[in-house]
Amino acid sequence: ELILTIILVLPVPRKIRNVLARKIFKFHLGDQLAKPVLYIGIALSLALLESYMVHRRIITRMEQEHAIDLGATQNHHHHEAVYHPHDKQRKYMAERNMYLAGFSLTLLFVIGRITKLMQESVELEEETERVRKFVEQSNKADEKFAIADKKKD
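Remember, predicted model here, so these are calculated numbers, not experimental data. (Residues numbered from 1 in each chain as written. Predicted model: local features only at pLDDT ≥ 70, side-chain atom pairs only at ≥ 80, totals over all residues. Heavy atoms only, no water.)

Let us now look at the overall build of the protein chain. Counting secondary structure elements, the protein chain contains 5 helices and 0 strands. Shown N-terminal to C-terminal, the secondary structure of the protein chain runs as helices and strands in the order α-α-α-α-α. Looking at the protein chain as a whole, 19% of its 153 residues are labelled buried. A fraction of 79% describes how many contacts in the protein chain between residues 6 or more apart in sequence connect residues 24 or more apart. Working note: accessible area of the protein chain is about 12600 Å², and carbon and sulfur atoms make up 65% of it. (Helix = DSSP H or I, 4+ residues; strand = E, 2+ residues; numbered from the N terminus. Buried < 20%, exposed > 50% of the residue type's maximum accessible area, 1.4 Å probe, protein only. Contact = heavy atoms within 4.5 Å. Areas by Shrake-Rupley, 256 points an atom, 1.4 Å probe, with all protein chains shown as cover.)

On to the pattern of salt bridges, then. Under the criterion given, the structure shown has 3 salt bridges. Here Asp 87 makes a salt bridge to Arg 61, at a shortest N to O gap of 2.6 Å. With Asp 87 in helix α5 (residues 87-152) and Arg 61 in helix α4 (residues 34-74), the pair connects residues that are 26 residues apart, well separated along the chain. (Salt bridge = Lys/Arg side-chain N within 4 Å of Asp/Glu carboxyl O.)

For the pair helix α2 (residues 14-26) and α5, the least separation of the axes is 10 Å and the interaxial angle reads 105°. Relative to α5, the element α2 lies roughly perpendicular. On α5, the residues touching Arg 14, Arg 17, Asn 18, Ala 21, Arg 22 and Phe 25 of α2 are Thr 115, Met 118, Gln 119, Ser 121, Val 122, Glu 125 and Glu 126. Residues of the contact of α2 with α5, tallied by class, amount to 4 nonpolar, 4 polar and 5 charged. (Axes fitted to C-alpha atoms, helices over the stretch in contact; angles between N-to-C directions. Parallel < 35°, antiparallel > 145°, perpendicular 65-115°, else oblique. Nonpolar A, V, L, I, M, F, W, Y, C, P; charged D, E, K, R; others polar.)

The next thing to look at is the confidence of the model for the protein chain. Mean pLDDT for the protein chain: 82, with 85% of residues reaching 70 or above. When pLDDT is averaged over each element of the protein chain, α5 comes out on top at 88 and helix α1 (residues 2-9) at the bottom at 70. (pLDDT = per-residue confidence, 0-100.)

Time to look at the nonpolar core. By size, the foremost hydrophobic cluster in this structure holds 5 residues: Ala 21, Phe 25, Ile 114, Met 118 and Val 122. Put simply, the parts of the chain that give this core at least two residues each are α2 and α5. Sort the elements by how many residues they give to this core and α5 lands first, with 3 residues. Setting aside its immediate chain neighbours within four residues, Phe 25 contacts Thr 115, Met 118 and Gln 119. (Core = buried A, V, L, I, M, F, W, Y, C linked by side-chain atoms within 4.5 Å.)

This part covers the environment of Gly 30. As for its position among the elements, Gly 30 is in helix α3 (residues 29-32). The exposed category is assigned to Gly 30, whose relative accessible area is 55%. When the C-alpha atoms of Gly 30 and Gln 119 are compared, they prove to be 10.0 Å apart, with 89 residues separating the residues in sequence.

Right, let's talk about α2 for a bit. End to end, α2 covers 18 Å across 13 residues, agreeing with the expected 18 Å (1.5 Å per residue, within 8%). Here α2 has its buried residues at Asn 18, Ala 21 and Phe 25. One face of α2 carries all of its buried residues, which in axial projection span an arc of 65°. Of the exposed residues in α2, the ones pointing more than 90 degrees away from its buried face are Lys 15, Lys 23 and Lys 26. On its buried side, α2 packs onto α5. (Expected span 1.5 Å × (residues − 1). Arc of directions from axis to C-beta.)

Let's shift gears to a nonpolar patch on the surface. Where nonpolar side chains cluster on the molecular surface, the patch consists of Ile 16, Leu 20, Ile 24, Phe 27, Leu 29, Leu 33 and Val 37 and spans about 630 Å² of accessible area. Note that Phe 27 resides in the loop between α2 and α3. For Phe 27, a relative accessible area of 53% puts it in the exposed group. (Patch = residues over 30% accessible without salt bridge, like charges linked within 9 Å, V, L, I, M, F, W, Y side chains within 5 Å.)

Now the structure itself:
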């Protein structure tokens, strides 16, 4: 994803970028990759949700154990809070997975939007070129008619 994003946002001259974009869009890769990208987006969303749920569960368990430990201390009973030995590691891993899934999902949206904007830009520039050629031809035709009218007068 990062390599694709870098390629899409590199400051390449417009003519070179448009030539590359035309060749890429000629194959209609966006249409062919729509379903896989959708599935990847769904998988990343589920991974983000799962990481959030695991993180929430670990935090809740740690808070409950901490509350039990505080309650025992206030009642002057020295109760050892039984912390799960790997809670900090699990919490860290859940946070890491959440950040990775969220970043990947965001990057997926950004790549999709950049690609659409590039395609729209290429299409608009092609349309502009067609209009420019039409205007030039119209101006040439107008000049020919103007010259023909002057010769008749």
